[in-house]
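# Structure assessment
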Amino acid sequence: MDFRKVRLVMGREYSIRVKKKSFILTTIITPILFAALMIVPTLVMMMDTNSEQRKVMVVDASSIVYPTLTDKETVQYVPGGGGDPEYLKTRLDSLGVFALLYISPLDSANNVSATVYSVKQLNADLSDIISSDIDQAMEEYKLGLYDIKDFDKILEDVQTSVPMQTFTIGKDGSVKETVLGINMALSFVMGFIIYMFVVMFGQMVMTSVINEKSNRIVEVIISSVKPFELMIGKIVGVACVALTQFFVWVVLTIVLVFGFQAVAGPELFGDPQAAGQMMDMAGMGSAGVGEIVSDQGQIHSVLSALSEIDFLYVIGCFIVYFILGYLLYASLFAAIGSAVDNEADTQQLMIPVTIPLLIGMFIMLSAFNNPDSQLAFWGSVIPFTSPMVMMARIPFEGGVPLWELLLSIGLLLVTFLITVYVSGKIYRVGILMYGKKYSWKDIYKWMKY
């Protein structure tokens, strides 16, 4: 293989793609969208905290609930006395109230029902607050029926919130503080990035091969370059494009987020409720970072846990799996592109390639919740799923023994070499075939030439 020619093909692929308007627009717009994904939820929550206080008139036929109600930032309770709810609910505007809350008398089981009348639909927050206040009032009333001496003091004493710190012990006896939500977020993001880039840039290689084949440009190119050298040059050239775009995305996203924070003030990301909602959207649930940052006293623990993460090791593994995973699938996409005349014919051939990627994505979603499971182990060893699954395990301290990591990388590297060899044999034949749809039987014959 002539590496000088490979380098020329690689340079051509790189320069053509980075000069395209679509590449430039995508490279600029995507970081803006990423930054907006982090900034907008926080801004929405900050604006929502300044919502106006609503007046709610209460007609309490039980005489139990209203005395316990206290005003909140978004709701003010006003007495309705013994007024007729049917009369009052038709005059909400003239009474200057947003809603009417009617509490029924106690039934035989010491329960009440609540009905709210309003001209406009209650929002979720206001509905939850009213419902929670009524529940709390009834719970206090029912507990009071037991006539337990000093019950309030007993209840206050037994309600306990125990702060818990987690540490991992290394083989050398060293102790590191960990925060589960941080590791989960890091593993999810890196695994998803690998999946996204492999699909996006692998298909870019396939499209490039199809375009050159359909335009008959390849016939001119292979008069100077061997088909295998052309395929390798395309794969590596697009890989350089991917790394360039990824680096620009990271830098621009960081600049935009921290630049906006500098303008908006440090409180931009200080809203724990917004952080919780963002992590819920990412699928982290209550065990994620949202729960951690909800207690401002644990910020020190979060920063301490971040300082304990070996980012050099994590980023190094990410680069290795990013490159090998891309090269493995890009060679398969190149072979598919050489076997068809247009993109419409690729669907049938792409199924065996896309299914392992989807399986890897699903296993990854399980692995960052349970990185030590057998499913996570086999998913991180099998080469076609290991780039995503292994990156979901690596951020967890002690989650991946060295022998597993070396085995996974070794199998991935060997599989890539085999795949690129087989794809090269398909590529050198298929790149000059025109005019018909080729079956798996035809492709198998090409592999034996």
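Just so you know, these numbers come straight off a predicted model, no measurement behind them.

Right, let's get into the pairing of strand β1 (residues 54-60). A large share of β1 lies buried, amounting to five of its seven residues. Here five bridges tie β1 to strand β2 (residues 75-79), and the two strands are oriented parallel to one another. Residue pairing in the sheet places Lys55 in a bridge with Gln76 of β2. With five bridges joining them, β1 and strand β3 (residues 99-103) adopt parallel strand pairing. Its bridge partner being in β3, Val58 is matched across the sheet by Leu101.

This part is about the pattern of salt bridges. All chains considered together, the criterion is met by seven salt bridges. The residue Glu13 makes a salt bridge to Lys234 at a minimum N-O spacing of 2.7 Å. Within this pair, whereas Glu13 is found in helix α1 (residues 3-18), its partner Lys234 is found in helix α9 (residues 227-264), the two being separated by 221 residues in sequence. The exposure class assigned to Lys234 is buried, which follows from its relative accessible area of 1%. With a shortest N-O distance of 3.0 Å, Glu86 and Lys89 are connected by a salt bridge.

A grouping of Asp135, Glu139, Glu140, Asp150, Asp152 and Glu156 is seen on the molecular surface, where their side chains present a negatively charged patch. Looking at the negative patch, the elements with two or more residues in it are α5 (124-144) and α6 (151-158). In terms of residue count, the dominant contributor to the negative patch is α5 (three residues). Along the polypeptide, Asp152 turns up in helix α6.

All right, on to the sheet that holds strand β4 (residues 114-118) then. Taken in spatial order, the four strands line up as β2-β1-β3-β4 in an open sheet, and their pairing is mixed. Edge positions in the sheet fall to β2 and β4, since each of these pairs with one other strand and no more. Taken pair by pair, the neighbouring strands of this sheet meet at an average axis angle of 25 degrees, ignoring direction. For β3 and β4, the ladder comprises five bridges, and the chain directions are antiparallel.

What counts, and where the lines are drawn
- Residues numbered from 1 in each chain as written.
- Predicted model: local features only at pLDDT ≥ 70, side-chain atom pairs only at ≥ 80, totals over all residues.
- Heavy atoms only, no water.
- Buried < 20%, exposed > 50% of the residue type's maximum accessible area, 1.4 Å probe, protein only.
- Helix = DSSP H or I, 4+ residues; strand = E, 2+ residues; numbered from the N terminus.
- Pairing = 2+ DSSP bridges.
- Salt bridge = Lys/Arg side-chain N within 4 Å of Asp/Glu carboxyl O.
- Patch = residues over 30% accessible without salt bridge, like charges linked within 9 Å, V, L, I, M, F, W, Y side chains within 5 Å.
- Areas by Shrake-Rupley, 256 points an atom, 1.4 Å probe, with all protein chains shown as cover.
- Lys, Arg positive; Asp, Glu negative; His and termini not counted.
- Charge placed at Lys NZ, Arg CZ, Asp CG, Glu CD.
- Axes fitted to C-alpha atoms, helices over the stretch in contact; angles between N-to-C directions.

This is a description of form; function is not addressed.
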